[in-house]
Amino acid sequence: MRLPGMLGMLGMLGLMILLAATALPARATEVVKVGSKRFTESYVLAEIARQTLQRAGVEAEHRQGLGNTAILEQALRTGQIDLYPEYTGTIVRELLGRTMPAGAPAPTLAELNAWLAPRGLMATVPLGFDNTYAIAMREADAARLGIDTLSGLARLPEAQAARLRTGLSHEFLVRADGWPALKRHYALSIPSAPGLDHGLAYQALVRGQVDLIDVYSTDAQIGRLALRVLKDDRGFFPHYDAVLLMRTTLPPQAMAALATLEGRIDAQAMIGLNASVELDGRPFADVARAFLDGPIAARTGTPAAPSAPTGPRAVWGHLVAPDLGRLLIQHVGLVLGSVLLAILVGVPLGIAAHRHARAGVVVLAVAGLLQTVPSLALLAFLIALLGTIGFAPALAALFLYALLPIVRNTQAGLASVPTGLPEAARALGLRDGQTMRLVLLPLALPTVLAGVSTAAVINVGTATVAAFVGAGGLGERIVAGLAVNDTARMLAGAIPAALLALAMQAVFAVVRRTLVPAPLRASLPHSTAMPRATGT
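Every chain is numbered on its own, with residues counted from 1 as its sequence reads. Given that this is a predicted model, residues contribute local features only at a pLDDT of at least 70 and side-chain atom pairs are listed and counted only at 80 or more, while totals for whole chains, interfaces and linings are drawn from all residues. Side-chain descriptors were evaluated using all non-hydrogen atoms of the structure, hydrogens and water having been removed beforehand.

S.K.: Help me understand the overall build of the chain in this model?
M.R.: Along its length, the chain carries 26 helices and eight strands. Think of it in three bands: with a 1.4 Å probe and only protein chains considered, a residue is buried below 20% of the maximum accessible area for its type, exposed above 50%, and partly exposed in between. Taking all 536 residues of the chain together, 53% fall into the buried category. For the chain, the share of sequence-separated contacts (at least 6 apart) that also reach a separation of at least 24 residues comes to 80%. Using a 1.4 Å probe, accessible areas were evaluated by the Shrake-Rupley method; residue-level cover was limited to the displayed protein chains. About 22,300 Å² of surface is accessible on the chain, with carbon and sulfur atoms providing 62% of the total. Only runs of H or I of at least four residues qualify as helices and only runs of E of at least two qualify as strands under DSSP, and these elements are numbered from the N terminus. By definition in these notes, contact holds between two residues if any of their heavy atoms fall within 4.5 Å.

S.K.: Even after reading the chapter, I still don't get the nonpolar core, so can you show me in this structure?
M.R.: Inside soluble globular proteins, nonpolar side chains tend to come together where they are buried. Ranked by internal contacts, the top residues of the largest apolar core, which has 130 residues, are Leu153, Leu182 and Leu258. Residue contacts for Leu182: discarding those within four places in its chain leaves Ile135, Leu150, Phe172, Leu188, Phe236 and Phe237. In this text, buried Ala, Val, Leu, Ile, Met, Phe, Trp, Tyr and Cys residues form a nonpolar core when linked through side-chain atoms within 4.5 Å. Of all hydrophobic cores here, the second largest spans 12 residues; its members include Tyr202, Val215, Leu225 and Leu227.

S.K.: Please explain the pattern of salt bridges as it appears in this structure.
M.R.: When the charged atoms of two side chains with opposite charge come close together, those side chains can pair. Counted as salt bridges are all cases of a side-chain nitrogen of Lys or Arg within 4 Å of a carboxyl oxygen of Asp or Glu. One pass over the full model with this rule turns up 18 salt bridges. Ionic pairing is found between Asp286 and Arg289, a salt bridge with its closest N-O pair at 2.9 Å. In this pair, Asp286 and Arg289 both sit in helix H16 (residues 284-293), three residues apart, roughly one turn of the helix. Residue class for Asp286 comes out partly exposed when judged on its relative accessible area of 32%. Asp432 is paired through a salt bridge with Arg426; the nearest N and O atoms lie 3.4 Å apart. Given a relative accessible area of 42%, Arg426 falls into the partly exposed group.

S.K.: How should the side chain of Asn131 be read in this particular structure?
M.R.: Locating Asn131 in the fold gives a position in the loop between strand E4 (121-124) and strand E5 (133-138). According to the relative accessible area criterion, Asn131 is buried, its value standing at 3%. Counting of polar contacts relies on pairs of N or O atoms within 3.5 Å, with two restrictions inside protein: one atom must be capable of donating a hydrogen and the other of accepting it, and residues adjacent in sequence are counted only when both atoms are side-chain atoms. Engagement of the side chain of Asn131 in a polar contact is seen with the side chain of Glu41, the distance being 2.6 Å. Ignoring anything within four residues of it in the chain, the contact list for Asn131 reads Glu41, Tyr87, Tyr216, Ser217, Thr218 and Tyr240.

S.K.: What is the right way to look at the sheet that holds E5 in this model?
M.R.: Pairing between the strands of a sheet is mediated by backbone hydrogen bonds and can be parallel or antiparallel. Strand pairing is defined by DSSP finding a minimum of two bridges between the two strands. The strand order across the open sheet built from three strands is E6-E5-E7, with neighbouring strands paired in antiparallel fashion. Only two strands of the sheet have a single neighbouring strand rather than two, namely strand E6 (213-216) and strand E7 (227-230). On average, each strand axis in the sheet is inclined to that of its neighbour by 45 degrees, with strand direction left out of account. Note: E5 against E7, four bridges, orientation antiparallel. Paired with Ala136 across the bridge in E7 is Val229. The convention used is that axes are lines fitted to C-alpha atoms, helices contributing only their stretch in contact, and that angles between N-to-C directions extend from 0 to 180 degrees.

S.K.: When you look at unusual backbone geometry in this model, what are you seeing that I'm missing?
M.R.: Most of the time, phi is negative for any residue but glycine, and the peptide bond is trans. Phi angles above zero are rare outside glycine, and Val125 is one such case at about 55 degrees. The backbone of Ala187 shows a phi angle near 55 degrees, a positive value even though the residue is not glycine. Structurally, the position occupied by Ala187 is in the loop between helix H11 (179-186) and helix H12 (198-206). Owing to a relative accessible area of 57%, Ala187 belongs among the exposed residues under this scheme.

Right under this line is the structure:
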């Protein structure tokens, strides 16, 4: 019945799950950590690097889909990862902030490494292909408009150009070598539109929802979907030779193992690898293993193939994949760890809000304001504040989101206790602390539990976003599914998350029956905190 007993039970359970969830990150100093961005090619190359290291006897792990270039570079500099696949053009313009005149020769690896050395980084292991950015449109539209170059796009009459709809990736919209600079270079009059995930852009183009998208020259779907890639006839895009960007402190054994990949992947081979994932629906790890075991035939120019199966059998296969246990532990650890912290902080804040009305207004206002901050924006801020990616910023973000329902319900529960009861307790000689612990909190327990339950269910959904910063959890499957537009993969993450939310509600129903007497259960209210949207 007593709230301290409930806190103790939840604390022990949360601590056990938290320790289990952080067991893998705790090994970070013993393994080589390979990162990847959120698109197919980066996943595949990172997986090839990981398996190459493991075959050489170097323990390695793949931290998937960590986000954009800025997040990966920060993770690299702070030691959260040790290497990731990158492209020379991105290194020059995005990481180093250098502008290269159009038509200027690409810097050599030696020059790149001289510029990267002060950061403790180096670019090495040229993989053997150039994956430049490009702009693509439907073949029929390009033929109708008579366009095959970016200069031709710029010469369109203003009225025609204004009707073209862009479906550009979020990163391309803000990169130094992205859309704003490309528009200036070619004097394009095409209006910009909100960003679109790269994995969804191809289908949006085919369905006629957008007219122009940014592509990578090794994307597998260019040939399959009969798209026209517009020639960069004025040489805006630099060379994007694929390399491995790594910390200079990488162990010699790991460097030697990765050096065996130099020059092994040409453009046709990379297109074949991407096709194996995007067109055949094969897992990243299987494609990487097949490449290391033997060459994969290129798939360019092949006729349109059916999309990867998305029926119940495909969903079930992804759902019960071997990573389910690891992802569940990570997800539950994030949820229970954040809720435990929110209980330890939120209940005292709710008590303070009840005792001091003016301070309570401020506390509730701040907790409510935190609920309005988009998840990815808060994660980005916490990454910069903490100087790290992964579990810590994700746990901190979820803790902040869990505060409002717990603080508000604690304050509301205490306010609902009839004023005569604490007065009677004081008349019996109980001090204020004893009155709070023995009278007020036990009577407020039903409302407090409702707030804790709400916080836990909200965080089950919000925790899926943590995968964008390498915190793991069921969101990993959703992010990977978005990268390759694979509905079955996304459902394999969404379904367990929904079931986990239902399980959380069931657990708190049991806790309520155990700790709250029947007369109080009958008056158990719903949480007074409005659930937040779990989107980004």
